[in-house]
Structure formats: structure tokens, C-alpha cells
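Each chain, written out:
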Amino acid sequence: MSVHQSGADPHSAIPRGEDGRTLAPFGRRRALVVSTRTVGSYVLLELADRDGPPADPGQFHMLATQQHWGAGEDERPFLPRAFSPMGSSGGHLWFMLEDVGPGTHRLATLKKGEALWVSGPFGRGFHSPETVHVEARSVSGDDPALGDRGGPRPILVAGGIGLPPIIDWSRRLTEQGTEATMLLGFRDAAHAQVAASFATAQLATDDGSAGHHGYVTELLAAELDRDQHAVVYACGPGPMLEAVRRLVSERDVPTELALEAGMACGYGACFGCVVPLKDGGYARVCVDGPVMAAGDLAPVPAH
Amino acid sequence: MPVSFCGLALDHPIVNGSGTFDALAAERAFGRTALHAAFPFSAYVSKTITLVPRPGNPPPRLWETATGLVNSIGLPNKGVEAYLADDVPRYATLPVPLITNVMGATGEELAEVTAAVGDRPEIAAIELNVSCPNVATGLDIGAVPAELEAVLRRVRPVTAKPLIVKLTPNTADVALCAQAAEAAGADAVSLINTLRAVPLQPDGSGARWLGGRQGGLSGPAIRVVALAQVAAVAERVGIPIVGMGGVQHGRHAADLLSVGATLVAVGTESFRDPIAGARIAAELSALAAGA
């Protein structure tokens, strides 16, 4: 997981859009499976993606296998599936997935050397704690002063399969000299195994088989009780993100949520992946997100 | 494989189906330079534009089937005024002609949108989405030949631009509808639109999955339906046909051309492969060259 170049900025030559996002190469490309590993309930997938740029933390890729994509249960999958990488550098991408349906089942049974179709990175990634703080305060009209600590403290919250972009963002923040508080929630100990390498993270499980017995949002509430001068980043299932959105909205804490939605294309073509906005209408998760300001959103749908 | 269509000289016969490729969003995802340098279609067909803005349907909007996709998007768009002011100048910089797709809830409304769009020199042709009920008569405009003809007779005089009528497959006799369109002055017809479809919740409750309750099926699952309907229409009308439905490869495009289409639109396959249109055009060209 730690293929990182040092010295000169390896990202400087990558084409970027007007809003700073890393642009995807036009089309889809072949990538080969380098390794697969099962950790508890999840499968970790490492791909060699020589022709793709590293993603901004929070961006995502669309994945489909080159062979046997389709002809599974009910002749599915048919469309590619969206995943945010847990790391991307040096021409490699790392993904984490759980076998829960025909698409993830096929991806979970991939073997070393098999080929995938990959497109991306797509969408808008996370923004710096300072940016999130200032943008939220300029909306609310409150004093943007942060005190004398140099910046707001980032709290990163992940629920289950929402872990990958949170890991990637935490690593990027560390590289930039910012240590984030990590709060990780899982269904049970088998799902929580993947978090074993994050020694400083606080853990919660729904069934109490590891860490705090309860929801990760309870850990978040406790952290915010202790220190309101925080910026929250969260990724996880819809109901968890909705719980985070309610909590930070009540407490007026600047927050970015990395959203998930069923999507057909990943690049704004199908208009299928929308989430409702606070001021009415919808935003497309794939091009307007997947990372969005919590303050812009209406209640997050369950799926 | 250059082709002439309604007076437009196109580089090849592959265009996009309306609502399956958002060129402005693709600029955001891939960059303007990369998109324009390898634009996959020989003409660009816009999403459906209506008189007033529409937010679209509540999610969920998608359902995957065996080699198909049901969508219930609900035609979200910013309305014709904002479309003409904001989007058309940007579409005009694309390296291909712009075809604007429009819809109206009555013949009057469709005529109003068509006239506004028809005034713009950047727009090469207009596609009429008639897969909707006429709120004035309660009839599905595109499904009832007499209703379709009456609406088109109201719309036809408001513009000199080529009018393409996008036919619905959800009708008793699509060829009769095509004849009605031709009689009322349509310059071309395009088909097939999606087949009406209702996915249910996977939990067995019988509740509907889609936020919009019903949707339309596209993708390889409907390819043979498209071949049947394009063939039936080609036997009954003389105007050119834009054929579409489940096209994934050059062979599929060649099949639609062989039963009477002049152009072929690619839709759902672009979701799986953003440059599918260019690949299919190249495959088609290789087939035509006897490769």
C-alpha cells in the first residue's frame, strides 16, 4: 500500500480541469490484476494501471472485467461499477470491495493476471480542511477565525465499504503534515479486520464484537463534544452519511461527504446517480460529487 | 464513411442517442481538448429540452437487467431559455453539428420550443421527443398516429430546419406512426426509444424500485426489437431513419443500416465505454471496406 514517490511533486504534470480535479483519460483502458487478498469480509484488489493518472483522494474509477462481465446471476453484471481507490500511485490502483452482488462477486473472484476495463479517475475529491472551513463559514456568515492552532482539526469518519477514500485522504493529509482523527465503523469484527493496520483509529462495531459497541456517529458526537473546531470528512452507506449530515448540521461543523449512488457511466452522461439538494433539485454524484459539502445536501437517500 | 443526412454532411453514420452523452459534463471529466480531439459521434444530439426547467425524477433512477438498463431520469433540463443562452454557444464549439432534442406537453408548447430552437443558427436540426402524453388530449402523442400527425402539423410550419421525429416503440404499430410523421412533414424519424419497463424492489414486497415508478429499457436486450421496428418503418416511409437500440459493435450498426437506417445512434454502450461511438464507427468502416 505504500508505493509513494518522494521529492518532486509527482502530480505536477497531470492534466487538471478548471476546478482543479484530475482529469480522466478519454475512454476506457485495460488494467491487469497484480494481487488480490482477502482480509476478513473484504477483498483488496491491486491493479497495474500504467496509462492512468493517480486519483485525487475521493475521486473514483469505473471497473468491469474484460472477460465474463455478464453471464453471472440473472446474466448480470452489465454496467461497470464505481469504486474509490484506497490508494493510487506509481501506475497502481488499490481497491477494497465486498462480495454483495453480481458485479462485486465477479470482481471478488478475480485472479492475478486477469484484465479489467478501467475508466477514471472521475469526479471531485476532498478539499483541504482550510478550504472546507472557509467555504462553510462564508456561507453561514460566521467568523472564519480558527484560533491559534494553525487550522481546523480534520476528523475522518468511515463506515464499512466507505473506508477506501478515507484511507487515501488520511494518507494525503499526513504527507502534508496534518494528522487526522480517524473514526471507523463496521458491522462486526470480521468487517473490522481490515482496520487493524490503523493503530490510532477509534473503532466501533454494530454488534460490539470489536471496539465501541454502537455506531461510528456516536464516536463522532463524542469527538465534537470535546472539540468543535473541526472539519469532518465522511464516507459510508447512505444511512450513516445521513446520520453524519444531521449531526454536523445541528452543530454547524464544516463537513464534506463522499457519496455513493448506483451509476451507469461515471462521467455525467446518464443522469442516474443523483442526490437531492437542500435548495431543491438534484446533483449528479459522478461529476458534481462524489465529495460534496454536507451543507448543500438534503437528507441523503438510503441507496 | 461519410454520409449525407437531411442536408448535413457527416463524417460517419454514428451519432449519440439523446440523453446518453452530456458533452459539457464530458468536458469536465475528460477535459475539453481531449474530448474535442476524439469526439466519438458525427453529430451531437442534446438531451431533451422543455419550455420550463425540470428537476427530473427522484432517485433511484436506474435498474440493471440482463444485458440492459432501465432508466427513469425524468428529462431534467434547465429549460429552453437557459439552454439557448448558456449551453448552445458551448455546444457550437464541438467539432460536429448540433441536433437539439425538444419536448412539449401540448402541440402548442412543442411548437413554441421548436420555434425558439429553430431561430438559432448553431443548431443544425431538431429532434422531437413525442414519447409523452399530450396534457390537452390525454393521448400519448407518439403512440397514436392521428394525434402525432395533428401535433406535427402544428409544429412543422414554425421552422425550416430539418425535423426528426423520435418514435416511441410503446405503440401498436410503429410503422403507422412513422407514416403519420412523414405525412405531416417530418424530414426523418429516429427509433427506437426505450421500451416501457417496471422493475420491482428486490425484497419481494411488490413495491416499485424506481423513484419515477416506471422507466424505459435500453441496451443489448432490445437490439432485436430495434431491428424489427426499423425494418417495419423502412418498408413504409421514404424519409431517412436514425436506427438505435442496443448497438455495441460495428456489426450491430451494419445490421441496422442493412434493414433501412441511414444513421445509427449509440446510447447505453457509451455508459460502459465513453468512446464507444468512435470504436463502433471504426468497426463499421472496416466492415464496409470488406475487412
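Residues numbered from 1 in each chain as written. Chains lettered and ligands numbered in written order. Predicted model: local features only at pLDDT ≥ 70, side-chain atom pairs only at ≥ 80, totals over all residues. Heavy atoms only, no water.

S.K.: Explain the overall build of chain A here, please?
M.R.: Within chain A, the secondary structure is distributed over six helices and 16 strands. If one aligns the C-alpha atoms of chain A with their principal axes, the spans along those axes are about 55 × 45 × 45 Å. In chain A, which comprises 303 residues, the proportion classed as buried is 57%. Look at the contacts in chain A between residues 6 or more apart in sequence, and 63% of them connect residues 24 or more apart. Carbon and sulfur atoms form 50% of the exposed surface of chain A, whose accessible area is close to 12,600 Å². Across chain A, the centroid of the 25 positively charged side chains sits 6 Å from that of the 36 negatively charged ones. (Helix = DSSP H or I, 4+ residues; strand = E, 2+ residues; numbered from the N terminus. Buried < 20%, exposed > 50% of the residue type's maximum accessible area, 1.4 Å probe, protein only. Contact = heavy atoms within 4.5 Å. Areas by Shrake-Rupley, 256 points an atom, 1.4 Å probe, with all protein chains shown as cover. Lys, Arg positive; Asp, Glu negative; His and termini not counted. Charge placed at Lys NZ, Arg CZ, Asp CG, Glu CD.)

S.K.: What am I meant to see in the confidence of the model for chain A here?
M.R.: In regions of low pLDDT, the predicted coordinates are not meant to be interpreted in detail. Averaged over all residues, the pLDDT of chain A is 92; the fraction at 70 or higher stands at 91%. Counting interchain partners and residues more than four positions distant, the pLDDT-below-50 stretch residues 1–8 of chain A has eleven contacts. (pLDDT = per-residue confidence, 0-100.)

S.K.: How should the interface of chain B and chain A be read in this particular structure?
M.R.: Accessible area lost upon the coming together of the parts is a frequently used measure of interface size. If you look at the interface, chain B gives 42 residues, while chain A gives 35 residues. In total, chain B and chain A occlude about 3,200 Å² of area from one another, counting both sides; carbon and sulfur atoms represent 65% of this. When the buried area of chain B at its contact with chain A is split by residue, Arg28, Glu64 and Arg272 of chain B rank highest and sum to 24% of it. Viewed at the interface, chain A and chain B are joined by five salt bridges. Residue assignment for the side of chain B that touches chain A shows that the elements contributing at least two residues are helix H1 (23–30), helix H2 (32–37), strand E5 (62–65), strand E6 (68–71) and helix H9 (268–272) of chain B. Of the residues that constitute the side of chain B that touches chain A, the class distribution is 23 nonpolar, eleven polar and eight charged. (Buried area = accessible area lost by both parts, 1.4 Å probe. Salt bridge = Lys/Arg side-chain N within 4 Å of Asp/Glu carboxyl O. Nonpolar A, V, L, I, M, F, W, Y, C, P; charged D, E, K, R; others polar.)

S.K.: What is the right way to look at the packing of aromatic side chains in this model?
M.R.: When we look at a pair of aromatic rings, we describe it by the centre distance and by the angle of the planes. The full count for this structure, using the stated rule, is 18 aromatic pairs over all chains. Their ring planes at 65° and their centres at 5.8 Å tell us that Tyr267 of chain A and Phe21 of chain B sit as a pair that is edge-to-face. You can see Tyr267 of chain A sitting in the loop between strand E13 (255–258) and strand E14 (274–276) and its partner Phe21 of chain B sitting in the loop between strand E3 (14–16) and H1, one on each of two chains. Take Tyr267 of chain A and Phe21 of chain B: they sit in the same class, and that class is buried. Among the aromatic residues, those joined into a ring-pair cluster are Phe26, Phe60, Phe122 and Tyr267 of chain A together with Phe21, Phe30, Phe39, Phe41, Tyr44, Tyr83 and Tyr91 of chain B. The side chain of Arg28 of chain A reaches across the aromatic face of Trp117 of chain A, ending 4.2 Å from its centre. Sitting above the plane of the Tyr282 of chain A ring, Arg61 of chain B keeps its charged end 5.0 Å from the centroid. (Phe/Tyr/Trp six-rings, centres within 6.5 Å; stacked < 30°, edge-to-face > 60°. Lys NZ or Arg CZ within 6 Å of the ring centre and 35° of its normal.)

S.K.: In this structure, what is going on with the side chain of Asp188 of chain A? I would like to understand it.
M.R.: All names here are of chain A. Within the element layout of this structure, Asp188 appears in the loop between strand E9 (181–186) and helix H4 (189–192). It turns out Asp188 is buried and unbridged, and the closest side chain with the opposite charge, Arg187, is 5.5 Å from it. At 2.8 Å, the side chain of Asp188 forms a polar contact with the side chain of His191. Not counting residues within four places of it along the chain, the set of residues in contact with Asp188 comprises Thr205, Asp207 and Ser209. (Polar contact = N/O pair within 3.5 Å; in protein donor to acceptor, adjacent residues only side chain to side chain.)

S.K.: Looking at this structure, how should I read the environment of Gly113 of chain A?
M.R.: Residue and element names in this part refer to chain A. Within the secondary structure layout, Gly113 lies in the loop between helix H1 (102–108) and strand E7 (115–122). Sequence separation of Gly113 and Val34 is 79 residues, and the distance between their C-alpha atoms is 6.3 Å. Once residues lying within four places of it in the same chain are set aside, the contact partners of Gly113 are Leu32 and Val33.

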